[in-house]
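Topology and contacts: notes
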Amino acid sequence: MALTILRKDTLNQGLSMTLSKSGLEAIIREAGELALSQFNNLSSLQVSKKRPRDFVTETDIAVEALLKQRLTEHHPDYGFWGEESGQTENQHERWIVDPIDGTHSFARGQYFWAISVALEIDKNIEFGAVYAPALDDYYCAVKDKGAWKNGKQITVSSESSLADSMISTGFACLRDYLENNNLERFARIAQLTTGQRRFGSAAMDLCTVADGQVDAFWEQELNLYDVAAGALIAREAGASVTDFQGNDGIFPKQILVTNGKILNQLLPLM
């Protein structure tokens, strides 16, 4: 299957470029194999801190380096923004990469972590993939084309009652010792729902909304590389993607993703 994404500088000429879905998946799965090989040998894993409560491992660095090399080979005209290595030139058309979203979980031998890769062209996310190697779950989406998990198209849940909903959140804000730290918001919302989850990977949280495992997710004080791919996947699966005021768009500092049916019940609680 070929995924066609029009480039802004060639639209007037009616030209297009083709991204190979299988080719990109092969690159991301190769990175997953590297991550999984080190995940299966955690006793020798080198873990350090970028700042208090913010972990980085040698796997984060190695996976990002591999993705940077392979994606640049695949499309040399695109820039690159990785969590660990920062930004290259040409940030108007760029890959946005979180090599291991959920590093702390990864380092502790838990399965809920993922590789996140998005393609952004002139501030529009056109392609997103989230791969969880320990679960062997591969999510991807193309703007206006739909979302898939392991080759099957996915949609959000049909739950319309907040009282019967399962919700998830995260606490990246606690890592930075922020006073506005999501604890009061979580306590307020959790009392009105049936189930609450805190998995530790925003990229995977967004995908669980996309395929109906969870009815809503919110978090604050994230970065674009945490949510770019997952937010597109959720949106293409039918989710609403807003900030805490209900404004449509991807806002890493305030992201609220729902199945669309409980959005208006959640907004007053945010």
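In case you missed it, the structure is sitting above this.
The present account deals with the structure reproduced in this document.

**Notes on the environment of I233**
The topology assignment puts I233 in helix α7 (residues 224-236). Discounting residues that sit within four places of it in the chain, I233 has contacts with G128, A129, V130, Y139, C140, A141, A147, I154, C207 and A210.

**Concerning the pattern of salt bridges**
Counted under the stated rule, the structure contains 8 salt bridges. As a salt-bridge pair, E30 and R70 come within 2.8 Å of each other at their nearest N and O atoms. Pair noted here: E30 is in helix α1 (residues 21-39) and R70 is in helix α2 (residues 58-74), with a separation of 40 residues, a long-range link. Looking at R70, the relative accessible area reads 23%, which means it is partly exposed. Where R94 meets E120, a salt bridge forms, and the shortest distance between an N and an O atom there is 2.6 Å.

**As for the layout of surface pockets**
Taken as a whole, the second largest pocket holds about 320 Å³ of empty space. Every residue lining the second largest pocket is counted, 15 residues in all, and those nearest its centre are E120, K123, N124, I125 and I250. Counting only elements with at least two residues in the lining of the second largest pocket, the list comes to β9 (124-132) and α7. Residue contributions to the lining of the second largest pocket peak at 4 residues, all from α7. A class-by-class count of the residues in the lining of the second largest pocket yields 6 nonpolar, 4 polar and 5 charged.

Conventions adopted
Residues numbered from 1 in each chain as written. Predicted model: local features only at pLDDT ≥ 70, side-chain atom pairs only at ≥ 80, totals over all residues. Heavy atoms only, no water. Helix = DSSP H or I, 4+ residues; strand = E, 2+ residues; numbered from the N terminus. Contact = heavy atoms within 4.5 Å. Salt bridge = Lys/Arg side-chain N within 4 Å of Asp/Glu carboxyl O. Buried < 20%, exposed > 50% of the residue type's maximum accessible area, 1.4 Å probe, protein only. 1 Å grid on protein atoms, 1.4 Å probe; cavity = no way out; pocket = protein on both sides within 12 Å on 5 of 7 lines; lining within 4 Å. Points joined across faces, edges and corners; volume = space filled by probe spheres on them. Nonpolar A, V, L, I, M, F, W, Y, C, P; charged D, E, K, R; others polar.

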